[in-house]
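A closer look at the structure
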Amino acid sequence: MPSTKTLPLIKDAERLESRLREIPAVPGVYLMRDESDRILYIGKSKKLRNRVRSYFRESQNLSPRIAMMVQQVREIEFIATDTEAEALALEANLVKQHQPYFNVLLKDDKKYPYLCITWSEEYPRIFITRKRRPGNAKDRYYGPYVDTGALRSTLHLIKRIFPLRQRPQPLFKDRPCLNYDIGRCVGVCQGLTSPEEYRKIIQKVAMIFQGRTQELLDILEPQMKQAAEDLNFETAARIRDQIKGLQSLSAGQKVSLPNDTVSRDAIALAADTQHACIQLFQIRAGQLVGRLGFMAEIPRAGTGAPPLHSGEEIPRAGTGAPPLHSGEEIPRAGTGAPPLHSGEEELSQHSLTSPPYQGGERGGVEAGAILQRVLEEHYQNVEAVEIPSEISVQYDLPEGEILADWLSNRKGRKVTILTPQRQTKAELIEMVERNAEYELARMQRLSDRNSQAMQDLAEILDLPEMPHRIEGYDISHIQGSDAVASRVVFIDGLPANQHYRHYKIKNPEIKSGHSDDFASLAEVIGRRFRSKEAERNSKKQDEFSKLPDAEAVSNLSSVSPNIADKPDLIMIDGGKGQLSAVVAVLREMNLLDELRVVSLAKQREEIFLPGESLPLPTNSEQPGVQLLRRVRDEAHRFAVSFHRDQRSQRMKRSRLDEIPGLGHHRQKLLLAHFRSIDYLRLATPQQLAEVSGIGPRLAQQIYDYFHP
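Here the residue index of a chain counts from 1 through its sequence in written order. Restriction of local features to residues with pLDDT of at least 70 applies here, the model being predicted, together with a cutoff of 80 or more for giving and counting side-chain atom pairs; totals for whole chains, interfaces and linings are based on all residues. Hydrogens are left out, water is left out, and the side-chain values use all remaining heavy atoms of the structure.

**Description of the overall build of the protein chain**
Operational definition: Numbering of helices and strands starts at the N terminus; helices are DSSP runs of H or I of at least 4 residues and strands are runs of E of at least 2. Remark: exposure states derive from per-residue accessible area (1.4 Å probe, protein chains only) relative to the maximum for the residue type, with buried under 20%, exposed over 50%, and partly exposed in between. Throughout, a contact is declared for two residues whenever any of their heavy atoms are within 4.5 Å. Areas reported as accessible are Shrake-Rupley estimates using a 1.4 Å probe. Residue values count occlusion only from the protein chains shown.
Looking only at helices and strands, one finds 21 helices and 20 strands in the protein chain. Residues classed as buried in the protein chain amount to 48% of the 708 residues present. In the protein chain, 67% of the contacts between residues at least 6 apart in sequence involve partners at least 24 apart. Approximately 35400 Å² of the protein chain is accessible, and the part contributed by carbon and sulfur atoms is 48%.

Written out as structure tokens, the structure reads:
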């Protein structure tokens, strides 16, 4: 491990030259570390020695970001590989594992959805998710998609074309649901089709999201003709309807390109001082079948330092869109594009003509490095059949030759990476770039709106700083039955779904016919912060034991807990009564001085503060009040949906489900014998034991359940 007194390599010429001589001129990966042994940067090269030496040449024109990194390098490690392709794969894995500060890192805020096919299950499911779960390598994710509405519409249409599993759980225990009767499902829940046959259907769906719709049509048409020749007209008609549905799905996706039989991807970016928005268009057989997008963090070169730990979490994300629908307009270079909104034009020109991270040059190594990082991560997560034969890039890639060789090896045929300069392919890149500009401008407008709302809310509530984390709570029930609560979290003005929580109300006094929202809220807030109170008391006790007696007594009240997820603001859905109940429980836990809590009443959208009888004088259309309303409405939606789920499950349950040891099969036998629950309740243990499968002990348990 390097000493903290070691000079940077750039200032120690003798040690630098000695280290460079040790590095071989072979393919591999290099890791640059600072004085604390943290990894600053991970890179790859066909010739390690030449690449590493280039960082320390005075004539080398480094970007500000890389120049700052070089000033901190104390040690260089390397891992030699046999081929450039191995170096590329190893670098990608190491970057994911260590998240070095000076590498281009994709950002994942879970804002844009993926489509997942669970190949790890016997009967695979297809669903939309905003989180990639790397737990099972067999599961396949497509995306991330820009247009969530288009993705849902596409999946809805696919479920009409193909008979797919419609529910995550069976609706009935002993028979299929209506979807089976109308041909929308093949009876997966009851095992009416084999896993092999169902997987064949799923494979056809996967081909659509792989951009292989035309290939799928070429497979289905001979099957339709063969079924008709065999006089199997029902099967032929079903395949005919599938072909028509697939043709309508791909209608209107035409892009005018030469040699439209070649599969190609086109990638371009737009950037500001902190983020780069990248879009990737997937074109297959002359049709635009997918529009994916990604966000990348741009490390700032002027100020700041890398994270304290090399494993510190750095968000990663992406965006994208599903196949376009019939009639959807595709913008073309050279035609009139939608007018930019206020501030958009200035943003786009600044971010593209002279991005700060490019040192004032359009293009350059930095932009190419970002594009290469996105391509490497994207193609690592796709199947070989999805890799196109041609990739058009906005800027030259720093390691384009290595990437092309690696992709060619995976695909089994040559993959070309080119930077178009003129004619139709250059116009395609311009179209992708323009879409990236629009997406970047949209994201910045959204960020500005949220910042304005948080600032306004801080002024309304007289907060010392903007409330970056807001928690909202609500209660849902019907006259006390199935009472539940919800917690939603907004971070920087946006919903953070990963922090949402449901609560089942445990108070025995709250039951059907007797509701108490005040007590329910007090219970939920107590459960949410009870562990924090224990942590607080424990830390106070630790501090107390370390101080002299007099000093401990005087400083005990000033010790504060270090709560990682401590909210800046708690919002209660309700009026003064609900707020008073929450304030009482926080005061009891000695947390009222540390947590800021308000309530938002419906109808007039009035904000109440603890101890105040009158609401704050606000306008319901103020940005800060609108932010609170969004939190309140989301908490209400989340609570109501959970309450409906609980009520639905209760209504579908049988009283016999509550008897231990009495499964579904034995319940059917009992009901077939006694005809109803009422007759079953009147039966003696001896009569119950007469039913096949019901022994004397279980018969006594059943009798005791109905006669407590």
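**So, empty space enclosed by the protein**
We apply this condition: Grid points spaced at 1 Å and placed over the protein atoms alone form the basis of the search, with a cavity being a set where a 1.4 Å probe fits but cannot get out and a pocket an open set showing protein on both sides within 12 Å along at least five of seven lines. Lining residues have an atom within 4 Å of a point. Grid points are joined across faces, edges and corners, and a volume is the space filled by probe spheres set on the points. Just so you know the grouping, Ala, Val, Leu, Ile, Met, Phe, Trp, Tyr, Cys and Pro go in nonpolar, Asp, Glu, Lys and Arg go in charged, and all remaining residues, Gly too, go in polar.
Summed over all chains, the structure comprises six cavities of 30 Å³ or more. Taken as a whole, the largest cavity holds about 60 Å³ of empty space. Around the largest cavity, the lining residues are Phe209, Gln210, Gly211, Gln282, Arg284, Val289, His378, Tyr379, Val382 and Glu386. Counting residues per element, the ones that place at least two in the lining of the largest cavity are strand E9 (275–284) and helix H11 (365–380). Split by residue class, the lining of the largest cavity holds four nonpolar, four polar and two charged.

**Things to note about helix H4 (residues 84–98)**
Put simply, the rule is: Each helix should span, by expectation, one fewer than its residue count multiplied by 1.5 Å. For the purposes of these results, a polar contact is taken to be a pair of N or O atoms within 3.5 Å, where, inside protein, one atom must be able to donate a hydrogen and its partner to accept one; residues adjacent in sequence count only when each atom of the pair is a side-chain atom.
Taking 1.5 Å as the rise per residue, H4 with 15 residues should run 21 Å; its terminal C-alpha atoms sit 21 Å apart, in good agreement. Residue Thr83 occupies the N-cap position of H4, its side-chain oxygen lying 3.2 Å from the main-chain nitrogen of Glu86.

**Section: the confidence of the model for the protein chain**
Selection rule: On a range of 0 to 100, pLDDT expresses the predictor's confidence in each residue.
Here the protein chain averages 78 in pLDDT, and 81% of its residues register 70 or above. Under a pLDDT of 50 for its full length, residues 301–364 has, in the predicted model, 158 contacts with residues more than four places off or in other chains. A low-confidence stretch, residues 542–563 (pLDDT under 50), is modelled with 16 contacts involving residues beyond four sequence positions or located in other chains.

**Overview of the sheet that holds strand E1 (residues 28–33)**
Counted only if it meets this: DSSP calls a pair of strands paired once it identifies at least 2 bridges connecting them. Lines fitted to C-alpha atoms define the axes, with helix axes restricted to the stretch in contact, and inter-axis angles between N-to-C directions lie between 0 and 180 degrees.
Taking strand neighbours across the sheet as the criterion, the three strands line up as E2-E1-E3 in an open arrangement whose pairing is antiparallel. The strands lining the two open edges of the sheet, one partner per strand, are strand E2 (39–45) and strand E3 (75–80). For this sheet, the mean inter-axis angle between neighbouring strands, taken without regard to orientation, is 20°.

**A word on the sheet that holds strand E7 (residues 140–142)**
As summarised here, the arrangement of the three strands in space is E6-E5-E7, forming an open sheet in which the pairing is antiparallel. Edge positions in the sheet fall to strand E6 (126–129) and E7, since each has one partner strand and no second. Pairwise comparison of adjacent strand axes, ignoring direction, gives a mean angle of 30° for this sheet. Packed on one face of the sheet, helix H5 (residues 148–161) meets strand E5 (114–117) and E6 and runs near 170° to E6. The sheet strands contacting helix H7 (residues 195–209) are E5, E6 and E7, and the helix crosses E5 at an angle near 155°.

**Things to note about the nonpolar core**
As a reminder of what qualifies: Nine residue types can take part in a nonpolar core, namely buried Ala, Val, Leu, Ile, Met, Phe, Trp, Tyr and Cys, and a core is a set of them joined through side-chain atoms within 4.5 Å.
The biggest cluster of nonpolar side chains holds 59 residues, and the ones touching the most others in it are Leu115, Phe162, Leu164, Phe209, Ile278, Leu375 and Tyr379. Grouped together as the second largest cluster of nonpolar side chains are 25 residues, Tyr503, Ala522, Ile570 and Leu591 included.

**Comments concerning the pattern of salt bridges**
Just so we agree on the cut-off: Salt bridges are defined as contacts in which a side-chain nitrogen from Lys or Arg sits within 4 Å of a carboxyl oxygen from Asp or Glu.
Going through the model one piece at a time under the given rule, you end up with 32 salt bridges. Residue Arg240 pairs with Asp241 through a salt bridge whose shortest N-O separation is 3.2 Å. By relative accessible area, which is 42% here, Asp241 ends up partly exposed. Here Glu377 and Arg373 are joined by a salt bridge, their closest N and O atoms 3.1 Å apart. Of this pair, Glu377 and Arg373 are both found in helix H11, four residues apart, which corresponds to roughly one turn of the helix. Taking relative accessible area as the criterion, Glu377 reaches 9% and is therefore assigned buried. Residue classification places Arg373 among the buried positions, given a relative accessible area of 9%. Overlapping salt bridges, with partners in common, bring together Glu605, Glu621, Arg629, Arg632 and Asp633 in one network.

**Considerations on the side chain of Arg469**
Topologically, Arg469 is positioned in strand E14 (residues 469–478). The exposure class of Arg469 is buried, given its relative accessible area of 11%. A polar atom in the side chain of Arg469 sits 3.3 Å from the side chain of Glu471. The residues touching Arg469, leaving out its near neighbours within four places in the chain, are Arg487, Val489, Phe490, Ile491, His499, Arg528, Asp565, Lys566, Pro567, Asp568 and Leu569.

**Structural notes on the packing of helix H13 (residues 423–461) against helix H17 (residues 623–652)**
Spelled out, the test is: Orientation is classified from the angle alone, with under 35 degrees giving roughly parallel, over 145 giving roughly antiparallel, 65 to 115 giving roughly perpendicular, and any other angle giving oblique.
Relative to each other, H13 and H17 sit at 100°, their axes nearing to 7 Å. Taken as axis vectors, H13 and H17 run roughly perpendicular relative to one another. Residue-level inspection shows Arg449, Asn450, Gln452, Ala453, Met454, Asp456, Leu457 and Ile460 of H13 in contact with H17, the latter providing Pro623, Gly624, Val625, Leu627, Leu628 and Arg630. When the residues that make up the contact of H13 with H17 are grouped by side-chain class, the tally is eight nonpolar, three polar and three charged.

**Let's talk about helix H8 (residues 213–229)**
Rules: Summarising the geometry, the arc corresponds to the directions from the helix axis toward the C-beta atoms.
With 17 residues, H8 should cover 24 Å at 1.5 Å per step; its first-to-last C-alpha distance of 25 Å lies within 8% of that length. Of the residues making up H8, those classed as buried are Thr213, Leu216, Leu217, Leu220 and Ala227. Looking down the long axis of H8, one finds its buried residues gathered within 95° of arc, a one-sided arrangement. H8 presents Lys225 and Glu229 as exposed residues on the side facing more than 90 degrees away from its buried surface. Two residues or fewer past H8, Leu231 is found with a positive phi of approximately 65°.

**Digging into the packing of H5 against H7**
Each packed pair of helices is defined by two parameters, the angle between the axes and the distance between the axes. As a reminder, the rule being used: Crossing handedness: left-handed means the near helix sits turned counterclockwise from the far one by under a right angle, and right-handed means the same turn made clockwise.
Remark: H5 packs on H7, axes separated minimally by 12 Å, with the N-to-C direction vectors making an angle of 150°. Accordingly, the angle class assigned to the pair H5 and H7 is roughly antiparallel. Crossing geometry of H5 relative to H7 is assigned as right-handed. Across the interface between the two elements, Leu151, Thr154 and Ile158 of H5 pack against Val205, Ile208 and Phe209 of H7. Counted by class, the contact of H5 with H7 contains five nonpolar, one polar and no charged residues.

**Structural notes on the pairing of E9**
E9 sits mainly inside the fold: nine of its ten residues count as buried. With eight bridges joining them, strand E8 (residues 264–271) and E9 adopt antiparallel strand pairing. Its bridge partner lying in E9, Ile267 is registered against Leu280. Hairpin connection between E8 and E9: a loop of three residues separates the two successive antiparallel strands.

**Let's talk about the environment of Asp405**
Within the fold, Asp405 resides in helix H12 (residues 400–411). Residue Asp405 is classed as partly exposed on the basis of its relative accessible area, which comes to 35%. For Asp405 and Val415, which are ten residues apart along the polypeptide, the C-alpha to C-alpha distance reads 7.5 Å.

**A word on the packing of aromatic side chains**
The following threshold applies: Side-chain rings of Phe, Tyr and Trp, where Trp is taken by its six-membered ring, are said to pair if the distance between their centres is within 6.5 Å; with planes under 30 degrees apart they count as stacked, over 60 as edge-to-face, and otherwise as tilted.
Applying the stated criterion across every chain, the model contains eight aromatic pairs. Taking the centre distance of 6.4 Å and the plane angle of 65° together, the rings of Tyr41 and Tyr55 count as edge-to-face. With Tyr41 in strand E2 and Tyr55 in the loop between helix H2 (48–54) and helix H3 (64–70), the pair connects residues that are 14 residues apart, well separated along the chain. Accessibility assignment for this pair places Tyr41 and Tyr55 in one class, buried. Measuring from ring centre to ring centre gives 5.0 Å for Tyr500 and Phe638, while their planes differ by 65°; the resulting arrangement is edge-to-face. Taken together, the residues span a long stretch of sequence, with Tyr500 in the loop between strand E16 (494–495) and strand E17 (501–504) and Phe638 in helix H17 at a distance of 138 residues.

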